[in-house]
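Structural overview
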Amino acid sequence: MGQVMRVTGAWIGLLRDWLDDAHHEALDLRSALARWSREDNVPVPVWRDLVERGVALAPDQPAPELAIGACVTPAHVGVLGYLVLASDTVGEAMLAYQRYERLFYGVSIAELEATGDDVEIRWPPDSSGLGQQGDGVAIAALLTFLQRQMDDPPSLSKVSFRGEVSPRDASAYESFFGCPVSFGDAYVRVRFPQAYLAIPMPRRDPTLRHLLDRQAQALLRALPGASDVERILQQVLLRLLADGEPTLVRAAQAMHMSPRTLQRRLAQHDMSWQHWLDRSREQLAEQYLGDTSLSLSDIALLLGFSEQSAFTRAYRRWTASSPGRRRRRLGSTTPSD
């Protein structure tokens, strides 16, 4: 795969909150969680071990990994969760998850496909190394996260897992997901009716609203005095950055105009496309660097860079400083700026 899979450090809080809800003292496990919660990224083998240690605390409970996943909140998912919640519909949310999955796992592995009257999101063989319990946590969390945004979520069509479980645990899986669940599949799969895709996302989370407001404010500073057309361009830019291809041609296509017309619009502000792109990225970077829940690699991806080193080079070119140094200054109580 070329890239090493990991989980975001925010995910550690999911297991810690389950320990609290289940009233498990588990001092050794809590100590390990405290150590890893300070890291931006947690290696998959470490996360798998932590989950297995948590599940072992509830030997009389069927499939406790599902209860762990059900504790999910936007804070556990980090910026991926807020970007998913920013979608207008469940369909857009699923596409956003697919695009932004690398913010959480470090790689993009999910596949989306329409199959008859259903839509399937799946994860291919040997793509995670999470193990059955880790996969159970992940899928329980993903579906709980989405279904909590709906007043009356529809039933799933089917869920499949690569691993095997006991008959008692299999029954708990079917009860939790409310649909047939199979094991020993080549993929982890979640299948649901296509009508699911049209359900609106309500955007109830106040932290999400704050993130979107900060993005809008940053882009307004990048292009002051913007008209309606330029404001549309600002929103187009956010999507292009997420896709990692913020080019003039793609922006013009998204706005149904020629590249020359878009250049002329920007020239009214005495800017070229590259000038505006750099300025927008710099303003967004300033917002993101002030959010300690985002790692520098997360910020690089949000700004459309393929890797953190490319972001660091660009940031030095814009500001003659490094993003790490700027983050430290933003976190300082000394008014040195």
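The sections below set out a description of the structure shown in this document. (Residues numbered from 1 in each chain as written. Predicted model: local features only at pLDDT ≥ 70, side-chain atom pairs only at ≥ 80, totals over all residues. Heavy atoms only, no water.)

1. Notes on the overall build of the protein
On a plain count of helices and strands, the protein comes out with 17 helices and seven strands. Of all 337 residues assigned to the protein, the portion counted as buried reaches 51%. Looking at the protein alone, contacts between residues at least 24 apart form 67% of all its contacts between residues at least 6 apart. Approximately 15700 Å² of the protein is accessible, and the part contributed by carbon and sulfur atoms is 49%. (Helix = DSSP H or I, 4+ residues; strand = E, 2+ residues; numbered from the N terminus. Buried < 20%, exposed > 50% of the residue type's maximum accessible area, 1.4 Å probe, protein only. Contact = heavy atoms within 4.5 Å. Areas by Shrake-Rupley, 256 points an atom, 1.4 Å probe, with all protein chains shown as cover.)

2. Points about the packing of helix α14 (residues 273–289) against helix α16 (residues 308–319)
One way to put it is that α14 packs onto α16 with a least axis distance of 11 Å and a crossing angle of 105°. Taken together, the axes of α14 and α16 are roughly perpendicular relative to one another. Contact residues: Asp 278, Arg 281, Glu 282, Ala 285, Glu 286 and Leu 289 in α14; Phe 311, Tyr 315, Arg 317, Trp 318 and Thr 319 in α16. Across the contact of α14 with α16, the residue classes break down as five nonpolar, one polar and five charged. (Axes fitted to C-alpha atoms, helices over the stretch in contact; angles between N-to-C directions. Parallel < 35°, antiparallel > 145°, perpendicular 65-115°, else oblique. Nonpolar A, V, L, I, M, F, W, Y, C, P; charged D, E, K, R; others polar.)

3. Section: unusual backbone geometry
Even without a glycine there, the phi angle at Ala 26 is positive, about 45°. By the secondary structure assignment, Ala 26 is in the loop between α1 (12–21) and α2 (27–37). Residue class for Ala 26 comes out buried when judged on its relative accessible area of 18%.

4. Here we look at the environment of Thr 89
Counting through the fold element by element, Thr 89 comes out in the loop between α6 (79–85) and α7 (90–105). C-alpha separation for the pair Thr 89 and Met 201, spaced 112 residues apart in sequence, amounts to 5.0 Å. Discounting chain neighbours no more than four positions away, the residues touching Thr 89 are Leu 197, Ala 198, Ile 199, Pro 200 and Met 201. Of the polar contacts made by the side chain of Thr 89, one reaches the backbone nitrogen of Glu 92; its length is 3.2 Å. (Polar contact = N/O pair within 3.5 Å; in protein donor to acceptor, adjacent residues only side chain to side chain.)

5. A few points about the environment of Ser 155
Along the chain, Ser 155 turns up in the loop between α8 (131–147) and β5 (158–160). Residues Ser 155 and Tyr 196 lie 41 residues apart in sequence; the distance between their C-alpha atoms is 9.0 Å.

6. Describing the pattern of salt bridges
As a working rule, side chains carrying opposite charge can pair if their charged atoms are close by. One pass over the structure, following the stated rule, counts 14 salt bridges. The partner of Glu 120 in a salt bridge is Arg 122, with the nearest N and O atoms 2.9 Å apart. You can call Arg 122 buried: its relative accessible area is 14%. The partner of Arg 317 in a salt bridge is Asp 278, and the shortest N-O contact between them spans 3.1 Å. Of this pair, Arg 317 sits in helix α16 while Asp 278 sits in helix α14, and the two are 39 residues apart along the sequence. (Salt bridge = Lys/Arg side-chain N within 4 Å of Asp/Glu carboxyl O.)

7. Re the packing of aromatic side chains
Tallying each qualifying case throughout the model produces 14 aromatic pairs. A ring pair is formed by Phe 161 and Tyr 173, whose centres lie 5.2 Å apart and whose planes are at 75°; its orientation type is edge-to-face. Taken together, the residues span a long stretch of sequence, with Phe 161 in the loop between β5 and α9 (167–177) and Tyr 173 in helix α9 at a distance of twelve residues. The exposure class assigned to Tyr 173 is buried, which follows from its relative accessible area of 0%. In this structure an aromatic cluster arises from ring pairing among Phe 161, Tyr 173, Phe 176, Phe 177 and Phe 183. The ring of Tyr 187 carries the charged tip of Arg 122 above its face, separated from the ring centre by 5.5 Å. The ring of Phe 305 is capped by Arg 281, whose NZ or CZ atom sits 4.0 Å from the centre of that ring. (Phe/Tyr/Trp six-rings, centres within 6.5 Å; stacked < 30°, edge-to-face > 60°. Lys NZ or Arg CZ within 6 Å of the ring centre and 35° of its normal.)

8. Focus on the sheet that holds β5
If you trace the five strands from one edge of the open sheet to the other, you get β3-β4-β7-β5-β6, paired in mixed fashion. The open sheet is flanked by β3 (111–115) and β6 (181–182), the only strands paired with a single partner. Alignment of strand β4 (residues 118–123) against strand β7 (residues 188–193), held across six bridges, turns out to be antiparallel. Opposite Ile 121, over in β7, you have Val 190 as the bridge partner. (Pairing = 2+ DSSP bridges.)

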